[in-house]
Amino acid sequence: MLKTGLIIGILLTTSSALGQRTLEKVMDRLSGDEVPLVSVTEVRVNPSYIRLDAREKEEFDVSHLPHASHIGYDNFDPKEFTSSFPDKEATYVVYCSVGIRSGKIGEKLQQMGYSHVRNLSGGIFKWVEEGNIILDSNEKPTHKVHAYNRFWGMLLKKGEKVYGPEDEEKDEG
């Protein structure tokens, strides 16, 4: 966790020199290799993909992708998930802020026997950066995005950043 934070910190301080493409590649690397990445465009044009939000409820309530189901991260419950999503052959797209937590949940889903699990490359931050609609807890369009914490929030260039009271304590996106 600390190593990931250190890498991101160095990259953030040099991101203008590296350019957006390099930063995206690094974020893709940090999301892990075990769960295949899927692009925002592919998710947007494939309504059959089941969208799963691996952020905490507070983050989901601020905003989430249309048609997304909240599954959480800290309180992810495999038995509840299997009960709610019994089709192990469907395509599941897991996302979080940038792709790290969703990669970890995606790995758990694969271990549970789900064969078509994808991690949204760049997470909800990338979704917003590409101009896609996000919804609030009342399923109304919003510009607010829970930025996880001020460190990770530096990656979010579009939308209105929202932070929780615990934002300085978290170190992974």
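Keep in mind that this is a model prediction, so the values were computed, not measured.

Engineer: I tried to follow the pairing of strand 2 (residues 50–53) on my own but got confused; where do I start?
Structural biologist: The two faces of the sheet receive side chains in turn, since in a regular strand these alternate between them. The pairing of strand 2 with strand 4 (residues 91–95) spans four bridges and is parallel. Within the sheet, the bridge partner assigned to Leu52 lies in strand 4 and is Val94. Of the pairings in the sheet, the one linking strand 2 to strand 3 (residues 68–70) comprises three bridges and is parallel in character. Paired with Arg51 across the bridge in strand 3 is Ala68.

Engineer: Can you walk me through the sheet that holds strand 2 in this structure?
Structural biologist: Strands in a sheet are paired, the pairing made by backbone hydrogen bonds, and the direction either parallel or antiparallel. Read across the open sheet, the five strands follow the order 1-5-4-2-3; overall the sheet is parallel. Taken across any chain shown, the strands that pair with only one partner, and hence form the sheet edges, are strand 1 (37–38) and strand 3. Strand direction decides the pairing type here: strand 1 and strand 5 (residues 116–120), joined by two bridges, are parallel. Within strand 5, the position partnered with Leu37 by the bridge is Asn119.

Engineer: Would you take a moment to explain the packing of aromatic side chains for this structure?
Structural biologist: Taken as a whole, this structure holds seven aromatic pairs when the rule is applied. Among the aromatic side chains, those forming a connected cluster through ring pairs are Phe76, Phe81, Phe85, Tyr92 and Tyr114. For Arg150, the ring lying beneath its charged end belongs to Tyr163, and the centroid distance is 4.1 Å.

Engineer: How do you make sense of the pattern of salt bridges when you look at a structure like this?
Structural biologist: Oppositely charged side chains are able to pair whenever their charged atoms sit close together. Using the criterion set out here, one finds four salt bridges in the structure. The partner of Asp53 in a salt bridge is Arg55, with the nearest N and O atoms 2.8 Å apart. With respect to class, Asp53 is no different from Arg55; both count as buried. The salt bridge partner of Lys57 is Asp61, with a shortest N-O separation of 2.8 Å. Here Lys57 pairs with Asp61, and both are found in helix 4 (residues 57–62), just four residues apart, close to one helical turn.

Engineer: Please explain the environment of Glu42 as it appears in this structure.
Structural biologist: Here Glu42 lies in helix 3 (residues 40–45). Sequence spacing of Glu42 and Leu120 is 78 residues, and the spatial spacing of their C-alpha atoms is 9.4 Å.

Engineer: Looking at this structure, I do not really get the confidence of the model for the protein. What am I missing?
Structural biologist: The predicted structure's coordinates, where accompanied by low pLDDT, should not be read in detail. The predicted model of the protein averages 86 in pLDDT, with 76% of residues at 70 or higher. Counting contacts from residues 167–172, a segment whose pLDDT is below 50, to residues more than four positions away or on other chains yields 18 contacts.

Engineer: What exactly am I supposed to notice about the nonpolar core here?
Structural biologist: What tends to happen in soluble globular proteins is that the nonpolar side chains get buried as a cluster. With 23 residues, the main nonpolar core has Val43, Leu65, Leu120, Ile124, Phe125, Trp127 and Val145 as its most contacted residues. Of all the secondary structure elements, the ones that give two or more residues to this core are helix 3, strand 4 and helix 7 (123–129). Residue contributions to this core peak at four residues, all from helix 7. If sequence neighbours within four positions are ignored, Leu120 has contacts with Val38, Ser39, Val40, Val43, Leu65, Val93, Val94, Tyr95, Gly99 and Trp127. Residues Leu52, Ile105, Leu109 and Val117 belong to the second largest nonpolar core, which totals 16 residues.

Reading the values: the criteria
- Residues numbered from 1 in each chain as written.
- Predicted model: local features only at pLDDT ≥ 70, side-chain atom pairs only at ≥ 80, totals over all residues.
- Heavy atoms only, no water.
- Pairing = 2+ DSSP bridges.
- Helix = DSSP H or I, 4+ residues; strand = E, 2+ residues; numbered from the N terminus.
- Phe/Tyr/Trp six-rings, centres within 6.5 Å; stacked < 30°, edge-to-face > 60°.
- Lys NZ or Arg CZ within 6 Å of the ring centre and 35° of its normal.
- Salt bridge = Lys/Arg side-chain N within 4 Å of Asp/Glu carboxyl O.
- Buried < 20%, exposed > 50% of the residue type's maximum accessible area, 1.4 Å probe, protein only.
- pLDDT = per-residue confidence, 0-100.
- Contact = heavy atoms within 4.5 Å.
- Core = buried A, V, L, I, M, F, W, Y, C linked by side-chain atoms within 4.5 Å.

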